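One-letter residues, chain by chain:
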Amino acid sequence: MASLVFSPLSSSSSALVSRSSVRCGSFVSNESRCRISARNGVRCDMVEPLKFENGKPGIPVFSERLVPSFLASKHLENTVKNNTRLRIFSGTANPALSQEIACYMGLDLGKIKIKRFADGEIYVQLQESVRGCDVYLVQPTCPPANENLMELLIMIDACRRASAKTITAVIPYFGYARADRKTQGRESIAAKLVANLITEAGANRVLSCDLHSGQSMGYFDIPVDHVYGQPVILDYLASKTICFDDLVVVSPDVGGVARARAFAKKLSDAPLAIVDKRRHGHNVAEVMNLIGDVKGKVAVMVDDMIDTAGTIAKGAALLHQEGAREVYACSTHAVFSPPAIERLSSGLFQEVIITNTIPVMEQNYFPQLTVLSVANLLGETIWRVHDDCSVSSIFQ
């Protein structure tokens, strides 16, 4: 019987955040530091960033002088939050991200006991009262998707039976989102089914990051706050010494054109190129041709997720054939199903930029990998939801 208990930040839990080189002060404005200091003396001491060597990803460290404008200019002015009725609990899917979110907000993670019996059944017990509280459950439904989804449902049920006032499922990565329509006869629409399960379990609201398609929000019969990881990636690209006149944003397929166009607009209206591909089966892609000019340019490929990396790797090979000087891959969700690592580390990419919505196992690190944190973005969104403030204004 395996078990896991989450408790407030202590010396034993510091390992949850030790792999992140994003310090607690990163992306935090003066107002948010004022908030944290008012939180009953919550300690949030972070260890020094790890110095990764060969084979480990570069995780950028941002100083407080580099506060991104999409957060720094949008904080509520001199507002001290009342956190007595706000609770954050973490599932087992991504505890490091949950700890970073709690750190940004100046809170401790709630105590929760999660264990698995010998037959695989999941047991969840809250270790503190949540009666009348606004509860936020952080649990991406990343691989193993079915295990993590079931764990989330049981966590929601436990909070509902413990008389929580509201329950918000914070799902940084929403699994089954690609099964959002019928492309052939007799197929299921699993995204709608999962939405129904979360709703029926007792969730009052869902907070998710970069859904595969916007229509997935309509599958829920409860409010959905959809945030985007693009500002975090854009802020990192802005810190690099890349001449924007040499940039071209590339969509790896026709379905991602709207996403790539929005990304290009934020990069000083960079030109757009599109890779036309024909898919012969699930997780199998074949590149046909390129729409647009990339000769002598730095190509930035943008997608919402990288699964087996077949699409983006074949697209990068085509871009090199067409004369691209360098190719960068940018994605919010790093699913990294085999053989993704081999494809991404084969030398096609100058850099592969992802976020930590899905935890990356240490054996999947490679030199070109850069991991950015969305903890502050999600933490700020949670505050705004809790205070009934606008979420969309973060991205304006």
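Residues numbered from 1 in each chain as written. Predicted model: local features only at pLDDT ≥ 70, side-chain atom pairs only at ≥ 80, totals over all residues. Heavy atoms only, no water.

In the annotation of an unreviewed UniProt entry, the chain is listed under the name ribose-phosphate diphosphokinase and assigned to Tetracentron sinense. Here is the UniProt Sequence similarities (unreviewed entry) comment for the chain, exactly as written: "Belongs to the ribose-phosphate pyrophosphokinase family." (UniProt positions renumbered as here; feature names shortened; annotations may be inferred.)

**A word on the overall build of the chain**
Along the chain, the regular secondary structure elements total 11 helices and 15 strands. Within the chain, the proportion of its 396 residues that are buried is 54%. By sequence separation, contacts in the chain at least 24 residues apart represent 70% of the contacts at least 6 residues apart. Accessible surface, the chain as shown: approximately 17,400 Å² in total, 49% of it carbon and sulfur. (Helix = DSSP H or I, 4+ residues; strand = E, 2+ residues; numbered from the N terminus. Buried < 20%, exposed > 50% of the residue type's maximum accessible area, 1.4 Å probe, protein only. Contact = heavy atoms within 4.5 Å. Areas by Shrake-Rupley, 256 points an atom, 1.4 Å probe, with all protein chains shown as cover.)

**A word on the pattern of salt bridges**
For the coordinates displayed, the defined rule picks out 13 salt bridges. Across the salt bridge formed by Arg205 and Asp225, the nearest N and O atoms sit 2.8 Å from each other. Here the residue Arg205 occupies a position in strand β7 (residues 205–209), and Asp225 occupies one in strand β8 (residues 224–227), the gap between them amounting to 20 residues. Through salt bridges with shared partners, a single ionic network connects Arg116, Glu147 and Glu151. (Salt bridge = Lys/Arg side-chain N within 4 Å of Asp/Glu carboxyl O.)

**Comments concerning the packing of aromatic side chains**
Using the criterion set out here, one finds two aromatic pairs in the structure. Centre to centre, the rings of Phe117 and Tyr123 are 6.1 Å apart; their planes meet at 70°, and the pair counts as edge-to-face. Residue class for Phe117 comes out partly exposed when judged on its relative accessible area of 31%. Its relative accessible area of 29% is what places Tyr123 among the partly exposed residues. Between Phe174 and Phe220, the ring centres sit 5.7 Å apart and the planes meet at 55°, which makes this aromatic pair tilted. Note that Phe174 is positioned in the loop between β6 (166–171) and α6 (190–201) and Phe220 in the loop between β7 and β8, a separation of 46 residues in sequence. (Phe/Tyr/Trp six-rings, centres within 6.5 Å; stacked < 30°, edge-to-face > 60°.)

**Digging into the nonpolar core**
Within the largest apolar cluster, 44 residues are counted, with the highest numbers of intra-cluster contacts made by Ile88, Ile101, Met105 and Phe263. Top element by residues in this core is helix α11 (residues 375–386). It accounts for six residues. Both domains that furnish three or more residues to this core are identified here as domain 1 (86–227) and domain 2 (230–372). If we skip the residues at most four places from it in the chain, Phe263 touches Gln230, Ile233, Leu234, Leu237, Val249, Val300 and Val302. The next biggest cluster of nonpolar side chains, apart from the first, holds 35 residues, and it includes Leu137, Ile156, Ile167 and Val206. (Core = buried A, V, L, I, M, F, W, Y, C linked by side-chain atoms within 4.5 Å. Domains from an automatic or database assignment.)

**Re helix α8 (residues 257–266)**
If you check which residues of α8 are buried, you get Val257, Arg259, Ala260, Phe263 and Ala264. Mapping the buried residues of α8 onto a view down its axis gives an arc of 160°, with all of them on the same face. Facing away from the buried side of α8 by over 90 degrees, the exposed positions are Ala258, Arg261, Lys265 and Lys266. Ser268 sits one or two positions beyond α8 and adopts a positive phi of about 55°. (Arc of directions from axis to C-beta.)

**Here's the deal with the sheet that holds β7**
Within the open sheet, the five strands sit side by side as β2-β5-β6-β7-β8. Their pairing is parallel. At either margin of the open sheet sits one strand with a lone partner, and together these are β2 (86–90) and β8. Between one strand and the next, the sheet's axes are offset by a mean angle of 20°, whatever the strand orientation. Pairing of β7 with β8, which is carried by four bridges, proceeds in the parallel orientation. (Pairing = 2+ DSSP bridges. Axes fitted to C-alpha atoms, helices over the stretch in contact; angles between N-to-C directions.)

**Comments concerning the packing of helix α5 (residues 145–161) against α6**
At a closest axis distance of 8 Å, the pairing of α5 and α6 adopts a crossing angle of 25°. It follows that α5 is roughly parallel to α6 by the angle criterion. The residues of α6 that touch α5, namely those facing Leu149, Leu152, Leu153, Ile156, Asp157 and Arg160, are Val194, Leu197, Ile198 and Ala201. For the contact of α5 with α6, a count of residues per class yields eight nonpolar, no polar and two charged. (Parallel < 35°, antiparallel > 145°, perpendicular 65-115°, else oblique. Nonpolar A, V, L, I, M, F, W, Y, C, P; charged D, E, K, R; others polar.)

**Observations regarding unusual backbone geometry**
With omega at -5°, the peptide bond leading from Pro143 into Pro144 counts as cis. Looking at where Pro144 falls in the secondary structure, it is placed in the loop between β5 (134–138) and α5. With an omega dihedral of 5°, the bond running from Pro338 to Pro339 counts as a cis peptide bond. Assignment of secondary structure puts Pro339 in the loop between β13 (326–334) and α10 (340–344). Backbone geometry at Ser268 places phi at a positive 55°, although glycine is not the residue there. Relative to the helices and strands, Ser268 resides in the loop between α8 and β10 (272–281).

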